[in-house]
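Coordinates in review
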Amino acid sequence: MVLVTYDVSTESDGGKSRLRKVAKECVNYGQRVQNSVFECLVDPAQFAQLKHSLCNMIDEEKDSLRFYYLGKNWKNRVEHFGAKKGYDPEGLLVM
Amino acid sequence: MKKLLNTLYVTTPESYLLREGENVVIKINNVEKFRIPIHNLEGIVCFGYMGASPQLMRLCTDNNVGLSFLTPHGKFLGRVHGRIRGNVLLRRTQYRKADNEEESLDLARCFIIGKIVNCRTVLGRSIRDHGDVIDLDKIRFIDSLLIENLQSIDSCLNSDSLRGIEGNCARFYFGVLDELILKQKDDFFITQRNRRPPLDNMNALLSFLYTLLAHDVESALETVGLDPYVGFFHTDRPGRPSLALDMMEELRPFMADRLALNMVNLRQICGKDFFRKENGGVIMTDDGRKEILAAWQKRKQDKITHPYLNEKISVGLLPYVQAMLLARYLRGDIDGYPPFFMN
């Protein structure tokens, strides 16, 4: 499990389009838990792809991107309070 | 080893599945209810009729995610599968072996031996754990009959006599399964196996678990590149996944029967979760179905040591591992197909 967070500067039009792109790519790989925070359950190969494409998208002068590696026991490392409770991608998925 | 991914069960009949990017999105009345990346999934099982968009089907086939459609009560309707995967040479070998009577009999023997041995383990486990409350003599007697039949498998000369042995064993086994139901005796009992429709709660529970297992086994066979429709024990019939049924024989007692007994004995499911229709068939309620799915998913995450590979795997990967071993046997990498024996 990897936590991806980003800050994309939206002062210019280019920034807005970068923000959309980054968000879209993150949605492809994981669950949006807060506005610019994603929990991605990925294997090493998928993570390499995600990291590569995100790093190419951002403007290193203005934007920032952070990856937190939560590992296999991520469930012990995450606590949630308040609204917008997410789902557990390894738990029971019945809709 | 492959990692066991999750299965998404869609039980709300109004839900419609569609694709957005790499996500599976569930909408109810055009409102988004759920979204998950496809790479977290192993399969999608839909109980209901709203369906899925062709784009989503493509996403599933591209990612080798099984997409099955069932009626709300678990009757299999169909599944979407994309281009045939794997190696044409492997499939040809499979067909050749299936055409060859002697070789299919050899394989069929393995499946049935696996099944009977695992049935015996189910009985043995109950003797060990609950020997003081169950009718030991009856179970021991049935067990001895199973052993007798097991010994006659080696000497049976054609598939019809093997079918006979299998049928006898199944009858003995289901005849005594009732003894292993320790709690909720008024609601759960089984005198014989019946289906289409199941006539009592226990049969309904078993039927539903078998459907879930069939979904997994069929996907597993496709993943390793085998044709689930060409079997060795079950004969070809249009629309019948014979090889999946073959492989299920050895997995049923461990993956389904044991779970069904546990659910009843631990009161994870109760008589209220089922109801009888006018035609006498028994089906489960929405809550009952949810309970069973939860127990099934949880069971699949339990870890066991595979006796042949000597490697730690999740129970849910068993169909895949057995399919892989069968493929290895067909390729000639191993001398015989090792059925799964639970311990």
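Residues numbered from 1 in each chain as written. Chains lettered and ligands numbered in written order. Predicted model: local features only at pLDDT ≥ 70, side-chain atom pairs only at ≥ 80, totals over all residues. Heavy atoms only, no water.

This part takes up the pairing of strand β10 (residues 303–306) of chain B. All names here are of chain B. By the alternation rule, side chains of β10 split into Ile304 and His306, which are all buried, and Lys303 and Thr305, of which none is buried. When β10 meets strand β11 (residues 311–314), the two strands line up antiparallel, connected through 4 bridges. Considered in β11, the bridge of His306 is made with Glu311. Here β10 folds back onto β11 in antiparallel fashion, the turn holding 4 residues, of which Asn310 has a positive phi close to 55 degrees. (Buried < 20%, exposed > 50% of the residue type's maximum accessible area, 1.4 Å probe, protein only. Helix = DSSP H or I, 4+ residues; strand = E, 2+ residues; numbered from the N terminus. Pairing = 2+ DSSP bridges.)

All names here are of chain B. Evaluated as defined, the whole model comprises 18 salt bridges over all chains. A salt bridge links Lys97 to Glu103; the shortest N-O distance between them is 3.0 Å. Through salt bridges with shared partners, a single ionic network connects Lys115, Glu166, Glu249 and Arg252. (Salt bridge = Lys/Arg side-chain N within 4 Å of Asp/Glu carboxyl O.)

Our next topic: the nonpolar core. All names here are of chain B. Counting residues in hydrophobic clusters, the biggest one holds 96 residues, and the most contacted among them are Met202, Leu205, Leu209, Leu226, Met247, Leu326 and Tyr337. In terms of residue count, helix α7 (residues 242–265) provides more of this core than any other element does, 13 residues in total. Looking at this core, you find at least three residues from each of domain 1 (6–80) and domain 2 (88–331). Look past the residues within four positions of Met202 in its chain and what remains in contact with it is Ile181, Phe188, Phe189, Ile190, Ala260, Leu261 and Val264. Counting 21 residues, the second-largest nonpolar core is a separate cluster that includes Ile36, Ile38, Ile44 and Leu56. (Core = buried A, V, L, I, M, F, W, Y, C linked by side-chain atoms within 4.5 Å. Domains from an automatic or database assignment. Contact = heavy atoms within 4.5 Å.)

What follows covers the UniProt feature "binding site: Mn(2+)" (unreviewed entry) in chain B. Residue and element names in this part refer to chain B. In the numbering used here, UniProt assigns the "binding site: Mn(2+)" (unreviewed entry) feature to Glu166, His234 and Glu249. What stands out for the annotated residues spanning 84 residues is how close their C-alpha atoms remain, the widest pair being 11.6 Å apart. Residues in contact with Glu166, not counting those within four places in the same chain, are Ile112, Lys115, Phe233 and Glu249. When you line up the elements, His234 lands in the loop between α6 (201–223) and α7. Given the relative accessible area of 15%, His234 is considered buried. The contact partners of His234, leaving out residues within four places of it in the chain, are Arg240, Ser242, Leu245, Asp246 and Glu249. A polar side-chain atom of His234 sits 2.7 Å from a polar atom in the side chain of Asp246. (UniProt positions renumbered as here; feature names shortened; annotations may be inferred. Polar contact = N/O pair within 3.5 Å; in protein donor to acceptor, adjacent residues only side chain to side chain.)

Turning our attention to the packing of aromatic side chains. In the structure shown here, the tally under the stated rule is 9 aromatic pairs over all chains. Three or more aromatic residues joined by ring pairs make a cluster, and in this case those are Phe47(A), Phe67(A) and Tyr69(A). Stacked on the ring of Phe47(B), the Lys or Arg Arg289(B) has its end atom at 5.2 Å from the ring centre. (Phe/Tyr/Trp six-rings, centres within 6.5 Å; stacked < 30°, edge-to-face > 60°. Lys NZ or Arg CZ within 6 Å of the ring centre and 35° of its normal.)

Before going further, it helps to examine the sheet that holds strand β3 (residues 23–28) of chain B. Pairing within the open sheet is antiparallel, and its 3 strands lie in the order β2-β3-β4 (chain B). Of all strands in the sheet, those bounded by a partner on one side alone are β2 (15–20) and β4 (31–37) of chain B. Each neighbouring strand pair of the sheet contributes to a mean axis angle of 25 degrees, computed without reference to strand direction. In this sheet, β4(B) lies alongside β3(B) in antiparallel orientation, the contact comprising 6 bridges. In the sheet register, Ile28(B) faces β4(B), and the bridge partner there is Val31(B). The sheet strands contacting helix α1 (residues 13–29) of chain A are β2, β3 and β4 of chain B, and the helix crosses β4(B) at an angle near 75 degrees. Seen against the sheet, helix α1 (residues 54–62) of chain B touches β2 and β3 of chain B and runs at an angle of roughly 65 degrees to β2(B). (Axes fitted to C-alpha atoms, helices over the stretch in contact; angles between N-to-C directions.)

Residue and element names in this part refer to chain B. Taken domain by domain, chain B comprises domain 1 (6–80) and domain 2 (88–331). Distance from the C-alpha centre of domain 1 to the C-alpha centre of domain 2: 26 Å. Counting residues at the interface gives 17 residues for domain 1, matched by 16 residues for domain 2. Roughly 1400 Å² of surface becomes buried between domain 1 and domain 2 when both sides are summed, with 52% attributable to carbon and sulfur atoms. Its largest share of buried area at the contact with domain 2, domain 1 owes to Tyr9, His73 and Arg79, together 42% of the area lost on that side. One can count 0 salt bridges joining domain 1 with domain 2. (Buried area = accessible area lost by both parts, 1.4 Å probe.)

Taken residue by residue, the interface counts 16 residues in chain A and 26 residues in chain B. Summing both partners gives a buried area of about 1700 Å² for chain A against chain B, and 58% of it is carried by carbon and sulfur. Summed over the shared surface of chain A and chain B, the number is 0 salt bridges. Where chain A touches chain B, the interface holds 7 residue pairs in polar contact (both at pLDDT 80 or more). Contributions of two or more residues to the side of chain A that touches chain B are made by α1 and β5 (93–94) of chain A. A per-element tally of the side of chain A that touches chain B places α1(A) first, with 3 residues. Of the residues contributing to the side of chain A that touches chain B, the split by class is 10 nonpolar, 4 polar and 2 charged. Relative to strand β1 (residues 6–10) of chain B, β5(A) is paired through 2 bridges, and the arrangement is parallel. Looking across to β1(B), one finds that Leu93(A) is bridged to Leu8(B). (Nonpolar A, V, L, I, M, F, W, Y, C, P; charged D, E, K, R; others polar.)

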